[in-house]
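Single-letter residue listing:
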Amino acid sequence: QVQLVESGGGLVQAGGSLRLSCVASGRTFSNYAMGWFRQAPGKERELVAATTWNGGTTYYLNSVKGRFTISRDNAKNTVFLQMNSLKPEDTALYYCAAGQSSIMTPDYWGQGTQVTVSS
């Protein structure tokens, strides 16, 4: 089992920044690809950013490219999502996820942290 605990969400004005953190406990963190998903009310959950086990390869949703950065610190069992130039359409519940085979089919999910961007 892997437990994922997110933090760092909140209310911010458009153009502002937030940094989400996700701390993992349980099995070996470096065995897992990590990702951040989000789900806005009435919309499907979508993958925002992902990174391979060593951070060597990253993926970003087109709408966040150039504004969001995913990183991980395997020594601290933590994955981060730095979000800059936030827009109201970034408002959503953000989830951390871990996948051993693929981040598209996560094995574990965090409980989510709310990000609200006001215009």
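Everything that follows concerns the structure shown earlier in this document.
This one's a predicted model, so the numbers in the text were calculated from it and none came from an experiment. (Residues numbered from 1 in each chain as written. Predicted model: local features only at pLDDT ≥ 70, side-chain atom pairs only at ≥ 80, totals over all residues. Heavy atoms only, no water.)

### As for the overall build of the protein
And step 1. Secondary structure assignment for the protein yields 0 helices and 11 strands.
And step 2. Secondary structure elements of the protein, listed N to C terminal, follow the sequence β-β-β-β-β-β-β-β-β-β-β.
And step 3. A compact globule built from 119 residues should have a C-alpha radius of gyration of about 14 Å, and the protein, at 13 Å, falls within 12% of that.
And step 4. If you line up the protein on its principal axes, its C-alpha atoms span 40 × 25 × 20 Å.
And step 5. Per-residue burial for the protein yields a buried fraction of 45% across its 119 residues.
And step 6. Taking as baseline every contact in the protein between residues at least 6 positions apart, the subset at least 24 positions apart corresponds to 54%.
And step 7. Surface exposure of the protein reaches about 6,100 Å², of which carbon and sulfur atoms provide 48%.
And step 8. Separation between the mean location of the 10 positive side-chain charges and that of the 7 negative ones in the protein comes to 4 Å. (Helix = DSSP H or I, 4+ residues; strand = E, 2+ residues; numbered from the N terminus. Rg over C-alpha atoms; globule rule 2.2 N^0.38 Å. Buried < 20%, exposed > 50% of the residue type's maximum accessible area, 1.4 Å probe, protein only. Contact = heavy atoms within 4.5 Å. Areas by Shrake-Rupley, 256 points an atom, 1.4 Å probe, with all protein chains shown as cover. Lys, Arg positive; Asp, Glu negative; His and termini not counted. Charge placed at Lys NZ, Arg CZ, Asp CG, Glu CD.)

### Points about the nonpolar core
Note on soluble globular proteins: their nonpolar side chains tend to be buried together.
And step 1. Grouped together as the largest cluster of nonpolar side chains are 30 residues, with contacts concentrated most on Leu4, Met34, Trp36, Leu81, Met83 and Tyr94.
And step 2. The next biggest cluster of nonpolar side chains, apart from the first, holds 7 residues, and it includes Ala33, Phe37, Leu47 and Ala97. (Core = buried A, V, L, I, M, F, W, Y, C linked by side-chain atoms within 4.5 Å.)

### Regarding the packing of aromatic side chains
And step 1. Inspection of every chain in the model, using the stated rule, returns 3 aromatic pairs.
And step 2. Centroid distance Tyr32 to Tyr108: 6.0 Å. Interplanar angle 70 degrees. Geometry classified as edge-to-face. On the criterion of sequence distance, the pair formed by Tyr32 in the loop between strand E3 (18–26) and strand E4 (33–39) and Tyr108 in strand E10 (residues 108–109) is long-range, its members being 76 residues apart. For the pair shown, Tyr32 and Tyr108 are each scored as buried.
And step 3. The rings of Phe37, Tyr95 and Trp109 are connected pair by pair, giving a single aromatic cluster.
And step 4. Cation over ring: Arg19 sits above Phe80, and NZ or CZ is 4.0 Å from the ring centre. (Phe/Tyr/Trp six-rings, centres within 6.5 Å; stacked < 30°, edge-to-face > 60°. Lys NZ or Arg CZ within 6 Å of the ring centre and 35° of its normal.)

### Quick word on the sheet that holds E3
And step 1. Taken in spatial order, the 4 strands of this open sheet run E1-E3-E8-E7, and their pairing is antiparallel. Every other strand in the sheet has two partners, leaving strand E1 (2–7) and strand E7 (68–73) as the edge strands with one partner each. Each strand axis lies, on average, 15 degrees off the axis of its neighbour in the sheet, ignoring direction.
And step 2. Both E7 and strand E8 (residues 78–83) contribute to a ladder of 6 bridges, which runs antiparallel. When the bridges of E8 are listed, Thr69 appears paired with Gln82. (Pairing = 2+ DSSP bridges. Axes fitted to C-alpha atoms, helices over the stretch in contact; angles between N-to-C directions.)

Read these as layout, nothing more, since geometry by itself doesn't imply function.
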